[in-house]
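# Residue-level structural notes
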Amino acid sequence: MRFPRWLTGVLIGLIVLGIVFRFVNLNHKVYWHDEVYTSLRASGYTRGEIDQALFQNHALPIGALQQYQQIKPGSTAMDTVRSLALEDPQHPPLYFLLTRGWMQAVGAPLTYLFKSPLSVTRSLPALLSLLALPAMYGLAWELFACPAVALLATTLMALSPYDVLFAQTARQYSFLTVMVIASSFLLLRAIRLFQTAASQSANAQRHAMRHPKTWLNWGLYALAIAIGLYTHPFFGLTIASHVVYVVGCLVWEPRLRKQSAAMLKLFGSAIALAVLSFSPWLVVMLVNWRRAVATTDWTQVVPGLTYFLKLWGLSFSSLFVDLDFGFDNPLTYLIRLPFLLLTGIALYTLCRRTALPTWLFVVTSIAVPFLLLALPDLILGGKRSAVSRYLVSCYPGVQLAVAYFLAHQLAIKRVYSGRSRVLTNTHTSYTLRPTPHAFWQTWFWRGVLAVLVLASVTSLTMSALADSWWNKDLSYSNHQTADLLNKIPAPMVISDIGDDYTNTGDLISLSYRLRADIPLLLLQDSGFVTSQEFQTKIQGKTAIAFRPTQSLQQVLAQRYGKLTQILAVERLWEIPPAQLKKIDKNKSIKKKD
C-alpha cells in the first residue's frame, strides 16, 4: 500500500502547515483561568498567599497582579511542588517543573522578543506537541507496517484542530498526548521484538527473557508510563487500555499464547515499576484527597443524556473540524455528523480487514478510557466524560483508524489493479492499467480527504484569528469584559473572592488585556462597601462589580439601589453613579444638622 508521489508531497506539506499553525498568534487568545494557575504554580506561589495579599480592601493597579505570574523571589522548585501538593494534589508536578525551568531559561529573552509573557508559557506546550508527530508515525508503523498509513496518521494529527488548540494552551495536555502515543509505541515495539526473539524455540524464549535488550525495551516502556503518570493522573486510562489489550491478545491470539507467562511477567513488571516510581505523589494525593475532591467538585454536576451526547460528539469530531456556531445551534452538530460517520466507518473497516492484535489495540485505546469515564458518569453521576481534555487517551486511536481507512482507499493498487502485456522486439513487459470503477472510487476518497483537510485548515484559521475559543471555559468571555472595561471612562473594578473562588484566576487573566491605568478594589468582605472609605475610593470613578458574591451583590443593591447588568455572561454590574451622588448628598445634610 503506497501513495502517488504527488500525494506524499502534499501530505508532507500539510504536516509543515500544521507545525506552523501551532505557533501562529500564540499570544492572541485569552490567557484563561487554568493557564493562570500554571504560571502561578510554576512560579512557586500558592493561591492562599495571593488571596491574602490581594483581597485587603485596598485599591491597586491592574499590573500589580502580574508579579504572581513571575518566579517568586527566593523560591525553588520545591516551592512549586509544595504549591501543588497543598492546593492542587490532583496535578502531578512534572509539567509545572518543566514550565518553571522554561521560564527561568528563556523567560526574559522570549518576553522581550515577542513583547508578551504569554509567549514563554505557551511556547513550551507548542514545542512539546511536536514530539507527538514522530511518535504517531512510529505508532502507526508498529501497527500497520505501512508508510502510507503512518504518513497520513501523522498528517491528521498535525492538522487536528483539537491538538493545535491545546498545543497553544499553557497546560499539560499536549505533553499528555505525547506520552499516550509514545507509551503505546514502546509497548507494541517491546511485544514485537520479544515475540520475534522468543518464537524460534523454547530455549530462545528463555534467552530472550534474560537478554539485556528485552529488559531495555520493557524498561523504556516503564519509563514512559512513569512520565505519563507524573504528567496527569488520567494517564491511568491509557494504562488500563494497555492491560485490556495485552490480556486480550494473550487470550485470543494463538501466536502470543505460547509466550503468555513470560509476556505477563515482563508487562506486569513494567507496570509495577512505573507505579512504584509514582508512589510518592500517590501518597500526596491520598493524604490531600479532600482537597483534590473540593478542587474538582465542578465535575460532580449531573447533566442530562442530551448534554452528554452533544459533548461527546463535539469532542471526537474536534479532531477534524472545530467550527463553533453556538452550543444550542443545530448547525454546530450537523456540520460534524459526516466526520463522526467517517470515524464509525473507519473503525468498522479496521475491524474487518486487519488482524486481531491491530484492531484490538485501536478499539481498546478508544473504548476503555471512554467507558471508564462515561459509565461512572451515567451510573453514579458527574460529567468527567463530557470534558474534552479528559478524553486525550481516546483521540490517537480515532486518528489511526481514519488514517488506515483513507490510506486503503487512496492506495495506488486500488486504481491500477490490472496488467496489460506489451511486446517489443527484445522482450515482453507488463504495465499496470487502471480499473475504471476503482479509479473513480479513489478520486471520490481523494475528495473526502480534501474536504477533511479543508475543514481542519478552516477551523485552524478561524481559531487562530479568534480572541477566545470553547476551551477557555469559565474565562471564555474575558476578552469581551476587557474590551468593555477599556472603553469605560475612569473605570474601577470592584471584586471579591467569588462564590466559586475563581475570581483570583480570572482577575489575573483580565490583567493581560486591561489598560494598565485601570485600578482594582479587591474586597475582603462585603461589609466594607458600607464604609466611608469605600465611597471615597470610588468617588469620581465608574464603579464596576466583577462577578461579585451573592452577599456582595445584595449589599451593593441595598446601599446604592438597583445595579445595572452590563455583561450577563461575565456577571458584570455597574453601580449607578446617580445613586452615589444621592448618598453623598444625604451624608452632607446629616453632617450640617
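This write-up is about the structure you can find in this document.

A tally of regular secondary structure across the protein gives 28 helices and eight strands. The dimensions of the protein, computed from C-alpha atoms along their principal axes, are 120 × 55 × 50 Å. Burial status across the protein gives 55% buried among its 593 residues. When the accessible surface of the protein is totalled, it reaches about 26300 Å², and 64% of it is carbon and sulfur. Positive and negative side-chain charges in the protein, numbering 53 and 29 respectively, have mean positions lying 14 Å apart.

Right, let's get into the sheet that holds strand 6 (residues 542-546). Read across the sheet, six strands follow the order 1-5-4-6-8-7 without closing on themselves; strand pairing throughout is mixed. The sheet is open, and its two borders are formed by strand 1 (58-61) and strand 7 (564-567), each paired with just one other strand. Here the strands of the sheet are splayed against their neighbours by 30° on average, with no regard to which way each runs. Sheet topology note: the strand 7/strand 8 (residues 572-574) ladder contains three bridges and is antiparallel. By the bridge assignment, Gln-565 is partnered in strand 8 with Trp-573. In the packing of helix 25 (residues 503-511) onto the sheet, contacts are made with strand 4 (491-495), strand 5 (519-522) and strand 6, and the angle to strand 6 comes to roughly 130°.

With respect to the element layout, Phe-528 can be found in the loop between strand 5 and helix 26 (532-538). In sequence terms Phe-528 and Gln-56 are 472 residues apart; their C-alpha atoms lie 10 Å from each other.

So, about the nonpolar core. Where a protein is soluble and globular, its nonpolar side chains tend to be buried together. Counting residues in hydrophobic clusters, the biggest one holds 123 residues, and the most contacted among them are Trp-218, Tyr-221, Tyr-245 and Trp-281. Per-element tally for this core: the top contributor is helix 10 (residues 173-198), with 14 residues. When neighbours within four sequence positions are excluded, Tyr-221 is seen to be in contact with Ser-183, Leu-186, Leu-187, His-242, Phe-267, Ala-270 and Ile-271. Phe-55, Ile-488, Leu-514 and Leu-522 belong to the second largest nonpolar core, which has 29 residues in total.

Glancing now at the pattern of salt bridges. Counted by the stated rule, this structure contains 17 salt bridges. Here Glu-142 makes a salt bridge to Arg-192, at a shortest N to O gap of 2.8 Å. With a gap of 50 residues between them, Glu-142 in helix 7 (residues 132-144) and Arg-192 in helix 10 connect regions that are remote in the sequence. The class for Arg-192 is partly exposed, based on a relative accessible area of 37%.

Now for the packing of aromatic side chains. Under the defined criterion, the tally for this structure stands at 23 aromatic pairs. Taking 4.7 Å as the distance between ring centres and 35° as the angle between the ring planes, the aromatic pair formed by Tyr-162 and Phe-166 counts as tilted. On the criterion of helical spacing, the pair formed by Tyr-162 and Phe-166 is a turn pair, its members being four residues apart in helix 9 (residues 161-167). The exposure classification of Tyr-162 matches that of Phe-166, with both residues buried. Aromatic side chains Phe-316 and Tyr-395 sit 5.7 Å apart centroid to centroid with 85° between the ring planes, which places their arrangement in the edge-to-face category. Taken together, the residues Phe-316 in helix 17 (residues 305-317) and Tyr-395 in helix 21 (residues 395-410) connect sequence positions 79 residues apart. When sorted by exposure, Phe-316 lands in the same class as Tyr-395, which is buried. Each member of the aromatic cluster is reached from another via a ring pair, and the members are Tyr-162, Phe-166, Tyr-173, Tyr-307, Phe-308, Trp-312, Phe-316, Phe-370, Tyr-395 and Trp-470. Stacked on the ring of Tyr-112, the Lys or Arg Lys-115 has its end atom at 4.4 Å from the ring centre. Over the ring of Trp-443 we find Arg-446; its NZ or CZ atom is 4.5 Å from the centre of that ring.

Here the focus is the packing of helix 13 (residues 236-252) against helix 20 (residues 356-380). Their axes nearest at 8 Å, the elements helix 13 and helix 20 cross at an angle of 140°. Considering the angle they form, helix 13 stands oblique to helix 20. Of the two elements, helix 13 crosses helix 20, and the hand of that crossing is right-handed. For the pair helix 13 and helix 20, contact is made by Leu-237, Ala-240, Ser-241, His-242, Val-244, Tyr-245, Gly-248, Cys-249 and Trp-252 and by Leu-356, Pro-357, Leu-360, Phe-361, Thr-364, Ser-365, Val-368, Pro-369, Leu-372 and Leu-373, respectively. For the contact of helix 13 with helix 20, the per-class residue count stands at 14 nonpolar, five polar and no charged.

What follows deals with the pairing of strand 6. Extensive coverage of strand 6 is indicated by the burial of five of its five residues. With burial as the criterion, each face of strand 6 is covered, one bearing Thr-542, Ile-544 and Phe-546 and the other bearing Ala-543 and Ala-545. One ladder, built from four bridges, connects strand 4 with strand 6; its direction is parallel. Among the inter-strand pairings, Met-492 is bridged to a residue of strand 6, identified as Ala-543.

Once that is clear, we can look at helix 25. The buried count for helix 25 comes to nine of nine residues, which makes it a mostly enclosed element. Listed as buried for helix 25 are Asn-503, Thr-504, Gly-505, Asp-506, Leu-507, Ile-508, Ser-509, Leu-510 and Ser-511. Buried residues in helix 25 make contact with helix 2 (33-42), helix 3 (47-54), helix 24 (478-487), strand 4, strand 5 and strand 6.

Rules behind the numbers
- Residues numbered from 1 in each chain as written.
- Predicted model: local features only at pLDDT ≥ 70, side-chain atom pairs only at ≥ 80, totals over all residues.
- Heavy atoms only, no water.
- Helix = DSSP H or I, 4+ residues; strand = E, 2+ residues; numbered from the N terminus.
- Buried < 20%, exposed > 50% of the residue type's maximum accessible area, 1.4 Å probe, protein only.
- Areas by Shrake-Rupley, 256 points an atom, 1.4 Å probe, with all protein chains shown as cover.
- Lys, Arg positive; Asp, Glu negative; His and termini not counted.
- Charge placed at Lys NZ, Arg CZ, Asp CG, Glu CD.
- Pairing = 2+ DSSP bridges.
- Axes fitted to C-alpha atoms, helices over the stretch in contact; angles between N-to-C directions.
- Contact = heavy atoms within 4.5 Å.
- Core = buried A, V, L, I, M, F, W, Y, C linked by side-chain atoms within 4.5 Å.
- Salt bridge = Lys/Arg side-chain N within 4 Å of Asp/Glu carboxyl O.
- Phe/Tyr/Trp six-rings, centres within 6.5 Å; stacked < 30°, edge-to-face > 60°.
- Lys NZ or Arg CZ within 6 Å of the ring centre and 35° of its normal.
- Parallel < 35°, antiparallel > 145°, perpendicular 65-115°, else oblique.
- Left-handed = near helix turned anticlockwise from the far one by under 90°.
- Nonpolar A, V, L, I, M, F, W, Y, C, P; charged D, E, K, R; others polar.

From the geometry alone we can't say anything about function, so treat these as descriptive.
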